[in-house]
2 protein chains.
Amino acid sequence: MPDLAPRVVVIGSGNVATHLAHALDSAGADICAVASRTSEHARELALSLSNAAPAVVVEEVPTDAAFYIIAVSDDAIADVAATLPPVQGVVAHTSGTVPIDVLSDVTCRGYGSFYPLQTFSKDRAVDMSAVPFFIEGNTPETAAALRALAERISPTVCAADSRLRGQLHLAAVFASNFSNVLWGVAGDILAKEGLSLEVLRPLLRETLEKAIDRGPDNAQTGPARRRDTATISAHLAKLSDPALKDIYSSLTNLIISRQCQK
Amino acid sequence: MPDLAPRVVVIGSGNVATHLAHALDSAGADICAVASRTSEHARELALSLSNAAPAVVVEEVPTDAAFYIIAVSDDAIADVAATLPPVQGVVAHTSGTVPIDVLSDVTCRGYGSFYPLQTFSKDRAVDMSAVPFFIEGNTPETAAALRALAERISPTVCAADSRLRGQLHLAAVFASNFSNVLWGVAGDILAKEGLSLEVLRPLLRETLEKAIDRGPDNAQTGPARRRDTATISAHLAKLSDPALKDIYSSLTNLIISRQCQK
């Protein structure tokens, strides 16, 4: 490590807080307290760290840490900001959507965002070194401090102001949330045949890797790409739900128009 | 191996033919000929096998092999069927969409389909042991023979008549082709910010694995899941293309209606 272990207070005890605390702990940061409204969760997280840290309420965090990472739900960030005592370090939230100004009334060295672009679940391991971090600070010095902290975890650290985080979030909704619901539709079709989505796992893994390696338009396959109108009509005839017919048509037309623009 | 190495003729030299020939070769089958209209490709594939097989035209395949695997584009299957001489073995195509009756006029021991549910590219390695195979035969004996051949490659072998293959294909279009085009939309949004789809790779990998492990409806996240109308409105305002606005709304409504049905 080029510098001394930075002292970090983690505020929150949910999925993001848990994964970040463990990643910072493994990266040699000193998690000197875990703060949460649900003290049992905070205690559990605090005890799981290499130096069992105290679990405290937000009002009682140590005030001399270098960083205060607020990893709570978007709605709760303003509450935490209002409750936090004056502190000496940098305060940052982990939200992809909330502007950093929500923290502007906190007395601190600087404030910003420390946003890991990933979906976290408590019981699923995540390779944090592969997660991109998006950083914003209210001053260049704050941004640099947050960048140095993120770089302890991941080699992929980018600057992202609130506008850019908004565009990232929009991209993630198309790429992640919307794909996910289409996998739900596919799962229903398979379930009626006694099959599970599991049979599509190898196909979907390969589709994803190929899309990113070659670009989705180059990697596209299927009836829309081939303009195979017989198959498209047969598929539409199989769909009884008008909403699904409409989505099938819209996405088929989107594939065709993107292929024409290539 | 419980039985002698089956002699297999591979017809085709494209992506599917190449991956299947190598997988069968590695699994101890004896690829006794590769047939293709483009003799250079056939020769290249034939020479890459452990026993350099002859490259021939379809009219001149050996007639005494156990299997003839027709791995050509859907449109070309009927042509191959019309050109193939009378043979002693089982003839099968690898299409997810073409009924097996396209092979009914071939003189052979039996005919069917041998469909690996995966997307193949020549220069991308695929773990064939993870690929599900869907099998259909014109007789139970033919189906059993094709199943035994598939089980040399993969532990996941299912029976699938033409109707079921059609449903599988419909599910794959929703899950794979339609997700892929949404990744294209996301890639465009990122490109305008100087970022590539690469930044979403860890998120999308985890979204995919979680969707299959827990079911997409349980794994769903994002503004539609939370009914976060402020974020949904902000996203719609950012989209200038009416087709994308329409797709955003339709998929948001689909997420909301699926969450209500849970």
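Participant: Help me understand the overall build of chain A in this model?
Facilitator: Looking only at helices and strands, one finds 10 helices and 8 strands in chain A. Here the C-alpha coordinates of chain A stretch approximately 70 × 40 × 35 Å along the principal axes. Taking all 262 residues of chain A together, 58% fall into the buried category. Expressed as a percentage of contacts within chain A between residues at least 6 apart in sequence, the contacts between residues at least 24 apart total 51%. Of the roughly 10700 Å² of accessible surface on chain A, 51% is carried by carbon and sulfur atoms. Mean positive and mean negative side-chain charge positions of chain A (22 and 29 charges, respectively) differ by 11 Å.

Participant: Where do I start with the packing of aromatic side chains in this structure?
Facilitator: What describes a pair of aromatic rings is the distance from one ring centre to the other and the angle between the planes of the rings. All names here are of chain B. Applying the stated criterion across every chain, the model contains 10 aromatic pairs over all chains. An angle of 40 degrees between the planes, with centres 6.3 Å apart, marks the rings of Tyr-115 and Phe-134 as tilted. Linking Tyr-115 in strand S6 (residues 110–116) with Phe-134 in strand S7 (residues 133–137), this pair joins segments that are 19 residues apart in sequence. The pair formed by Tyr-115 and Phe-134 is uniform in burial state, with each residue classed as buried. On the basis of an interplanar angle of 80 degrees and a centroid distance of 5.3 Å, the ring pair of Phe-174 and Phe-178 is categorised as edge-to-face.

Participant: Sorry, what's going on with helix H1 (residues 15–26) of chain A here?
Facilitator: An α-helical segment advances 3.6 residues per turn. Residues three or four places apart therefore align on the same side. All names here are of chain A. The first and last C-alpha atoms of H1 sit 17 Å apart over 12 residues, in line with the 16 Å expected at 1.5 Å per residue. The complete set of buried residues in H1 reads Ala-17, Thr-18, His-19, Leu-20, Ala-21, Ala-23, Leu-24 and Asp-25. Immediately beyond the C-terminal end of H1, within one or two residues, lies Gly-28, with a positive phi of roughly 95 degrees.

Participant: Explain the layout of surface pockets to me, please; I cannot follow it from the model alone.
Facilitator: Left-over empty space is what a probe sized like a water molecule reveals as it rolls over the atoms. Roughly 1100 Å³ of internal volume is contained in the second largest pocket. Lining the second largest pocket we find 39 residues, and of these Val16(A), Asp74(A), Thr221(B), Gly222(B) and Arg226(B) sit closest to its centre. Among the elements that make up the lining of the second largest pocket, the one with the highest residue count is helix H5 (residues 162–191) of chain A (5 residues). Of the residues assigned to the lining of the second largest pocket, the class counts are 14 nonpolar, 18 polar and 7 charged.

Participant: I'm lost on the sheet that holds strand S4 (residues 67–70) of chain A in this one. Help?
Facilitator: Residues and elements named next belong to chain A. Taking strand neighbours across the sheet as the criterion, the 8 strands line up as S3-S2-S1-S4-S5-S6-S7-S8 in an open arrangement whose pairing is mixed. Since the sheet does not close on itself, it has two edges, and those belong to strand S3 (55–56) and strand S8 (157–159), each with one partner. Bridge count between strand S1 (residues 7–11) and S4: 4 bridges; the pairing is parallel. Pairing of Val-9 across the sheet is with Tyr-68, part of S4.

Participant: Got a minute to help me understand the confidence of the model for chain A in this structure?
Facilitator: Segments scoring low in pLDDT should not have their predicted coordinates read at a detailed level. When pLDDT is averaged along chain A, the result is 95, and 99% of the positions lie at 70 or above. Interface scoring of the predicted complex returns ipTM 0.93; its pTM is 0.91.

Participant: What's the story with the pattern of salt bridges in this structure? I'm lost.
Facilitator: Oppositely charged side chains may form a pair once their charged atoms are brought near each other. Across all of its chains, the model carries 34 salt bridges over all chains by this definition. Between Arg165(A) and Glu136(A) there is a salt bridge, with the nearest N and O atoms lying 2.7 Å from each other. Of the two residues, Arg165(A) sits in helix H5 while Glu136(A) sits in strand S7 (residues 133–137), which places them 29 residues apart along the sequence. On the basis of relative accessibility, which here comes to 0%, the residue Arg165(A) falls in the buried class. Glu136(A) sits in the buried class, given a relative accessible area of 13%. One salt bridge in this structure joins Arg201(A) and Glu209(B), with 2.6 Å as the shortest N-O distance. Taken together, the residues span two chains, with Arg201(A) in helix H6 (residues 201–214) and Glu209(B) in helix H6 (residues 201–214). Just as Arg201(A) is buried, Glu209(B) falls in that class too. Taken together, the shared-partner salt bridges in this structure form one network comprising Arg124(A), Glu198(A), Arg201(A), Arg205(A), Glu206(B), Glu209(B) and Asp213(B).

About the thresholds
Residues numbered from 1 in each chain as written. Chains lettered and ligands numbered in written order. Predicted model: local features only at pLDDT ≥ 70, side-chain atom pairs only at ≥ 80, totals over all residues. Heavy atoms only, no water. Helix = DSSP H or I, 4+ residues; strand = E, 2+ residues; numbered from the N terminus. Buried < 20%, exposed > 50% of the residue type's maximum accessible area, 1.4 Å probe, protein only. Contact = heavy atoms within 4.5 Å. Areas by Shrake-Rupley, 256 points an atom, 1.4 Å probe, with all protein chains shown as cover. Lys, Arg positive; Asp, Glu negative; His and termini not counted. Charge placed at Lys NZ, Arg CZ, Asp CG, Glu CD. Phe/Tyr/Trp six-rings, centres within 6.5 Å; stacked < 30°, edge-to-face > 60°. Expected span 1.5 Å × (residues − 1). 1 Å grid on protein atoms, 1.4 Å probe; cavity = no way out; pocket = protein on both sides within 12 Å on 5 of 7 lines; lining within 4 Å. Points joined across faces, edges and corners; volume = space filled by probe spheres on them. Nonpolar A, V, L, I, M, F, W, Y, C, P; charged D, E, K, R; others polar. Pairing = 2+ DSSP bridges. pLDDT = per-residue confidence, 0-100. Salt bridge = Lys/Arg side-chain N within 4 Å of Asp/Glu carboxyl O.

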